[in-house]
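# Summary of structural features
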Amino acid sequence: MDDTFHLPEMNQMLKDTPFAGKLHFFPSISSTNTYAMQQAEAGAPDGSVYFADQQTAGRGRGTHTWASPPGSGLYVSILLRPQISPADILWLSLATGLAVREAVRKVTVLECDLRWPNDLLFGRRKFCGILTELNAEVTRIRHAVVGIGINVHQEEFPPDLREIATSLHLESGRTWPRQDLLVALLQSLHREVSALSREAAPEILKRLEQASSWVRGKRVRVEEGEGFSGTTEGLDARGFLRVRTANGMRTVFSGGVREA
Amino acid sequence: MNADEMKELKELIEFLKESKIGEFDLERGDLKVRIKFAQEGAPANLAGLVAAPAVVPTTLPTVHAAASAAPTPAPTATESEDASLHIVKSPIVGTFYESPSPGASAFAKVGDVVEKGQVLCIIEAMKLMNEIESDAAGEIVKRLVENGQPVEYGQPLFALKPR
């Protein structure tokens, strides 16, 4: 199908957000996050959006990559300069997961699961990953880049991904326009970012607990330090995942949470 | 003592000299400065004074000794060196990583001379990667955390000898 992006149309739909007029599309790019971080360093404004039909070096956490073949997914990085303290920036990571979930629900009516901190899954298979990169001083955030990869049109995955990856097409048997997803995503992200503050934190925690089957009572293995296993037992006041292990309660800072 | 503080101190000494003040004590947090000019209105040699251990920040425990009008004890070389180090702190809670990805070489190691703005490490929390830049130029003399270790907000990460 013809699944192209119409920028003037998108700008019109986003006119009440900081993203209107700041959309940058690339047929192919190495990594939207890398590019966005470079642009941020060069002074690009808050709300700049960089998205691509294809990434040749899509990145994930650590050594992970994000397979980004052409015409298959939504690969987008959003530059933000939020006026919050660096100590509060982690709420952005959690709020972004909620924003994508809401956008997917709005466009496709599909209800997805959230794996702490912000992976989006159907069952055991992931269809959206989020990687945020930050440049901050101790007291001030210079810029943050939120990178989001969503599998949209894939009808199958290579053998090494088949058991862990899915797409909106595979889940619904239908084809969803990436433009609709991107507009809905930017609208919900704008709502989340506008509400971001320490006061909003309890609300984010509550919504996350409701949206995620992973926050409580899930047997997990955590790839952090030497690694450990246990059962999830909610989030602490800062939004970190608590896991009860044989040796007591542990707090997960970084992620790498998998079903045990 | 960093470069800014050294500059402030020099300005202070100029002011005291002009005002013909014989003795001056200053305490600000961990920093304690005692300045005493040579008698009979002849100011001490300025360059010598700044370089000499008589005007160095001392740690709090020595303040009490100084307060009882006793001469300020000359601190050891180590003490003055530690106080002169610049500490790079973590702006967020998370996990400390010395390199951009596992197996890659470290951003910076002890002995490296780094510029202001140079990336020293990554702190990661909730899949949010924070590249920590050095907020001063200088030589890294200590790394204060282990690779993969959790760190708290404001926790010291590196000690730099400012240039």
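Residues numbered from 1 in each chain as written. Chains lettered and ligands numbered in written order. Predicted model: local features only at pLDDT ≥ 70, side-chain atom pairs only at ≥ 80, totals over all residues. Heavy atoms only, no water.

## Some remarks on the overall build of chain B
For clarity, the threshold we go by: Strands are runs of DSSP state E lasting at least 2 residues, helices are runs of H or I lasting at least 4, and numbering of each runs from the N terminus. Residue contacts are defined here by distance: any two heavy atoms, one from each residue, within 4.5 Å place the two residues in contact. In short, Shrake-Rupley with a 1.4 Å probe defines the accessible areas, and a residue's cover is counted only from the protein chains shown.
When helices and strands are tallied, chain B shows four helices and 10 strands. Ordered by position from N to C terminus, the α and β elements of chain B give α-β-β-α-α-α-β-β-β-β-β-β-β-β. Long-range pairs, those at least 24 residues apart, make up 56% of the contacts in chain B between residues at least 6 apart in sequence. For chain B, the accessible area works out to roughly 8,700 Å², and carbon and sulfur atoms hold 56% of it.

## Notes on the domain arrangement of chain A
Residue and element names in this part refer to chain A. Threshold: What counts as a domain boundary in this text is fixed by an automatic or database domain assignment. Two parts lose some accessible area (1.4 Å probe) when they are put together, and adding that loss for both gives the buried area. Here, a salt bridge means any side-chain nitrogen of Lys or Arg that lies within 4 Å of a carboxyl oxygen of Asp or Glu. Pairs of N or O atoms within 3.5 Å make up the polar contacts considered here, provided that, within protein, one atom can donate a hydrogen while the other can accept it, and that residues adjacent in sequence are counted only when both atoms are side-chain atoms.
By the assigned domains, chain A splits into domain 1 (7-208) and domain 2 (215-259). On a C-alpha basis, the centroid separation for the pair domain 1 and domain 2 is 24 Å. Facing the 12 residues of domain 1 at the interface are 17 residues of domain 2. Contact between domain 1 and domain 2 buries roughly 1,100 Å² in total, counting both sides, with carbon and sulfur atoms accounting for 61%. One salt bridge connects R124 with E259, and the closest N-O pair in it is separated by 3.3 Å. Remark: the boundary between domain 1 and domain 2 carries two residue pairs in polar contact (both at pLDDT 80 or more). Looking at the side of domain 1 that touches domain 2, the elements with two or more residues in it are α3 (90-108) and α7 (201-211). If you tally residues by element for the side of domain 1 that touches domain 2, the top one is α3, at three residues.

## Considerations on the packing of α3 of chain A against α7 of chain A
To characterise two packed helices, one gives the angle between the axes of the helices and the distance between these axes. Residue and element names in this part refer to chain A. Note the cut-off: Axis lines are fitted to C-alpha atoms, over the contacting stretch for helices. Their N-to-C directions set the angle, which ranges from 0 to 180 degrees. Each angle gets one of four labels, with under 35 degrees taken as roughly parallel, over 145 as roughly antiparallel, 65 to 115 as roughly perpendicular, and the rest as oblique. By definition, turning the near helix anticlockwise from the far helix through less than a right angle yields a left-handed crossing, and turning it clockwise yields a right-handed one. Under the scheme applied, nonpolar residues are Ala, Val, Leu, Ile, Met, Phe, Trp, Tyr, Cys and Pro; charged residues are Asp, Glu, Lys and Arg; polar residues are all the others, including Gly.
Running from N to C, α3 and α7 point in directions that differ by 50 degrees, and their axes come no closer than 10 Å. Here α7 runs oblique to α3, going by the angle between their axes. The handedness of the crossing between α3 and α7 comes out as left-handed. Across the interface between the two elements, W91, L94, A95, L98 and R101 from α3 touch A201, I204, L205, R207, L208 and A211 from α7. Its residues assigned to classes, the contact of α3 with α7 comprises nine nonpolar, no polar and two charged.

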